[in-house]
Amino acid sequence: MMPPLTRIRWAIAISTAILGVFATPWPSLAQTTGLGEAIELVDPNVFRVCADPSNMPFSNQEEEGYEQKLAELFAEKLGKTVAYTYFPEVMGFVRHTLGAYECDVIMSYAQGDELVQNTNAYYQTAYALVTMPGSDVGDVTTLADPRLKDKRIGVVARTPPAANMAMYGLLKKAKPYQLMVDTRQGTSAEAMIADLKKGEIDVAALWGPLAGWFASQSDPPLKVTPLLNEKGGSRMVYRITMGVRPTDQEFKRTLNRLIRENQDAIDAILLDYGVPILDAHENPITH
């Protein structure tokens with residue numbers, strides 16, 4: 001299953017391979033349903049977050065990521081403090097964090113993944129193409145565009161854009177980057193953007209939040225074009241939720257309420273980090 005969230009997010013954004021095989025059995029749902037948040041959570045006075053120690057724009061140990069800004073917002077609304085359990089988003093991430101009861105929420109998780117219980121989605125985004133200012137393919141909006149035939153495209157292996165590139169015969173000249181990496185040693189997104197700036201690739205195909213972040217951090221800014229016009233192959237648009245344990249029903253309801261009541265503030269945080277967020281009709285949200 002391929003398909004986000006990156007949160008590599010190459011599927012937090014988006015592939016269960018990013019989060020690893022979850023082998024820890026959850027307690028019976030019937031044992032805890034209806035007992036309330038104070039019973040469900042190890043410490044009901046602390047908003048305990050599972051996070052990667054070095055994976056911007058999502059999170060880092062300096063607490064600079066947008067997931068951490070969202071956690072601060074929610075903790076403030078709940079009158080709680082925030083604490084983080086850090087573990088690189090590699091195989092076993094869920095098992096060693098949420099599954100081990102070291103923390104209570106993964107702040108970004110692709111909707112529909114069965115390793116966790118999803119909250120309601122709090123944003124929608126897409127994979128995107130990133131190009132240098134003035135690029136002759138800067139206005140390309142789909143991988144089916146024939147102008148990409150002779151271009152060197154950077155793409156993370158086994159992600160949705162790679163599947164569509166194969167369908168359009170674009171892999172022959174493509175430069176692949178690893179899907180599963182220890183983010184403490186650097187990320188595939190960082191390497192891809194560096195190669196784009198050096199001219200080693202012409203286009204970067206990246207998960208939207210990564211594309212938006214690195215583009216906004218560049219001088220001059222790079223161009224980001226969400227892939228919203230694909231007519232076949234793998235889907236590019238994903239809804240992102242928060243992930244909790246299946247047993248934590250009351251906590252999920254609390255998070256859903258906070259999402260509903262604070263959507264404007266959530267959008268503002270995401271936009272501040274360059275995340276290309278989309279409304280229900282897949283139109284870009286810009287304010």
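Predicted model, so just to flag it, every value in this text is computed and none were measured. (Residues numbered from 1 in each chain as written. Predicted model: local features only at pLDDT ≥ 70, side-chain atom pairs only at ≥ 80, totals over all residues. Heavy atoms only, no water.)

Asks: How should I be thinking about the overall build of the chain in this particular structure?
Replies: Along the backbone of the chain there are ten helices and twelve strands. Burial status across the chain gives 57% buried among its 287 residues. Within the structure as shown, the chain displays about 11,900 Å² of accessible surface, and the carbon and sulfur contribution to it stands at 50%. (Helix = DSSP H or I, 4+ residues; strand = E, 2+ residues; numbered from the N terminus. Buried < 20%, exposed > 50% of the residue type's maximum accessible area, 1.4 Å probe, protein only. Areas by Shrake-Rupley, 256 points an atom, 1.4 Å probe, with all protein chains shown as cover.)

Asks: Got a minute to help me understand the packing of helix α4 (residues 66-78) against helix α10 (residues 263-272) in this structure?
Replies: Packed helices, taken two at a time, are described by their axes: the angle between them and the distance between them. Where α4 meets α10, the axes come as close as 9 Å, and the angle between the chain directions of the two elements is 155 degrees. It follows that α4 is roughly antiparallel to α10 by the angle criterion. Between α4 and α10 lies a crossing whose hand is right-handed. Packed against α4, whose contacting residues are Y66, K69, L70, L73 and F74, the element α10 presents A265, I266, I269 and L270 at the interface. Taken together, the residues of the contact of α4 with α10 sort by class into eight nonpolar, no polar and one charged. (Axes fitted to C-alpha atoms, helices over the stretch in contact; angles between N-to-C directions. Parallel < 35°, antiparallel > 145°, perpendicular 65-115°, else oblique. Left-handed = near helix turned anticlockwise from the far one by under 90°. Contact = heavy atoms within 4.5 Å. Nonpolar A, V, L, I, M, F, W, Y, C, P; charged D, E, K, R; others polar.)

Asks: When you look at the packing of α4 against helix α9 (residues 249-261) in this model, what are you seeing that I'm missing?
Replies: Where α4 meets α9, the closest approach of the two axes is 11 Å, and the angle between their N-to-C directions is 105 degrees. When the axis of α4 is compared with that of α9, the two are roughly perpendicular. When α4 is examined against α9, the residues F74, K77 and L78 are found in contact with a partner set consisting of T254, L255, R257, L258 and I259. Of the residues contributing to the contact of α4 with α9, the split by class is five nonpolar, one polar and two charged.

Asks: Explain the pattern of salt bridges here, please?
Replies: Pairs can form between side chains of opposite charge once their charged atoms are near each other. Under the defined criterion, the tally for this structure stands at 13 salt bridges. Here K151 ties to D136 by a salt bridge, and the two come within 3.0 Å at their closest N and O atoms. You can see K151 sitting in the loop between β7 (123-131) and β8 (153-156) and its partner D136 sitting in the loop between β7 and β8, a full 15 residues away along the chain. On the basis of relative accessibility, which here comes to 18%, the residue K151 falls in the buried class. Accessibility expressed as a relative area gives 52% for D136, which makes it exposed. (Salt bridge = Lys/Arg side-chain N within 4 Å of Asp/Glu carboxyl O.)

This is a description of form; function is not addressed.
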